[in-house]
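Commentary on secondary and tertiary structure
Now for the letters of each chain:
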Amino acid sequence: MAKTEPAREHSDVIWRLSGDAMRPKDAPWGFVAQNPVQRVIPPNQKVRIDTGIAANVPMLAFARGDQGDYVTMPLVLPAGQNLIVVIENKSPHSALVVDDREAVANLHPMIFRGTSEVD
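Residues numbered from 1 in each chain as written. Predicted model: local features only at pLDDT ≥ 70, side-chain atom pairs only at ≥ 80, totals over all residues. Heavy atoms only, no water.

1. Describing unusual backbone geometry
For Asn44, which is not glycine, the phi torsion reads 55 degrees and is therefore positive. Topologically, Asn44 is positioned in the loop between strand 4 (39-41) and strand 5 (46-50). A positive phi angle, near 70 degrees, is found at Arg101, a position not held by glycine. Relative accessible area serves as the criterion here: at 59%, Arg101 is assigned to the exposed category. (Helix = DSSP H or I, 4+ residues; strand = E, 2+ residues; numbered from the N terminus. Buried < 20%, exposed > 50% of the residue type's maximum accessible area, 1.4 Å probe, protein only.)

What follows is the structure in structure tokens.
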């Protein structure tokens, strides 16, 4: 008789990271997504940043705090789709630096009982 292994219990959220993506940080309400690579945005320009973060469940996503003035993204992120943010430098005079590991989005899983893992 073949030996069977017990079924592995999966976490609520399973992250799929691609490229330079960093695992989202835990937060009391969900997770915080970070910018993987430093970017310099010229005056009056927009930059599209693929964070390389996808999850197995749909998420609500929005900019952190006062970043809502210059960071945009889809409100609902379907399961399996990478989080892509657009950062706009509204200054006509100076460049905007978005550091690596800078928090760019709050992520709230629509299905969540408190556990997550990276696939």
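On we go.
2. Structural notes on a nonpolar patch on the surface
On the surface, a nonpolar cluster with roughly 520 Å² of combined accessible area is contributed by Leu60, Phe62, Leu75, Val76, Met110 and Ile111. On the secondary structure map, Phe62 appears in strand 7 (residues 59-62). (Patch = residues over 30% accessible without salt bridge, like charges linked within 9 Å, V, L, I, M, F, W, Y side chains within 5 Å. Areas by Shrake-Rupley, 256 points an atom, 1.4 Å probe, with all protein chains shown as cover. Salt bridge = Lys/Arg side-chain N within 4 Å of Asp/Glu carboxyl O.)

3. Section: the sheet that holds strand 5
In spatial order, the strands read 5-10-8; together these three strands make up an open sheet with antiparallel pairing. Of all the strands in the sheet, the pair left with one neighbour each is strand 5 and strand 8 (71-72). Alignment of strand 8 against strand 10 (residues 84-88), held across two bridges, turns out to be antiparallel. The residue bridging Val71 from the neighbouring strand is Ile87, located in strand 10. (Pairing = 2+ DSSP bridges.)

4. Points about the side chain of Gln67
Within the secondary structure, Gln67 sits in the loop between strand 7 and strand 8. Among the polar contacts made by the side chain of Gln67, one reaches the main-chain carbonyl oxygen of Ala103 at a distance of 3.1 Å. Not counting residues within four places of it along the chain, the set of residues in contact with Gln67 comprises Glu102, Ala103 and Val104. (Polar contact = N/O pair within 3.5 Å; in protein donor to acceptor, adjacent residues only side chain to side chain. Contact = heavy atoms within 4.5 Å.)

5. Section: the confidence of the model for the protein chain
Of all residues in the protein chain, 87% attain a pLDDT of 70 or more, and the chain-wide mean is 86. Across residues 4-8 the pLDDT falls below 50, and counting only partners more than four positions away or on other chains, this stretch makes one contact in the model. (pLDDT = per-residue confidence, 0-100.)

6. Points about the nonpolar core
Counting residues in each nonpolar core, the largest one holds 24 residues, and the members touching the most others are Trp15, Met59, Met73, Leu83, Val85, Ile87 and Leu107. Those elements that provide at least two residues to this core are strand 1 (13-17), strand 3 (30-34), strand 5, strand 6 (53-55), strand 7, strand 10 and strand 12 (103-109). Among the elements that make up this core, the one with the highest residue count is strand 12 (three residues). Beyond its immediate sequence surroundings of up to four residues, Ile87 is in contact with Ile41, Gln45, Lys46, Val47, Ile49, Tyr70, Val71, Leu96, Val98 and Val104. (Core = buried A, V, L, I, M, F, W, Y, C linked by side-chain atoms within 4.5 Å.)

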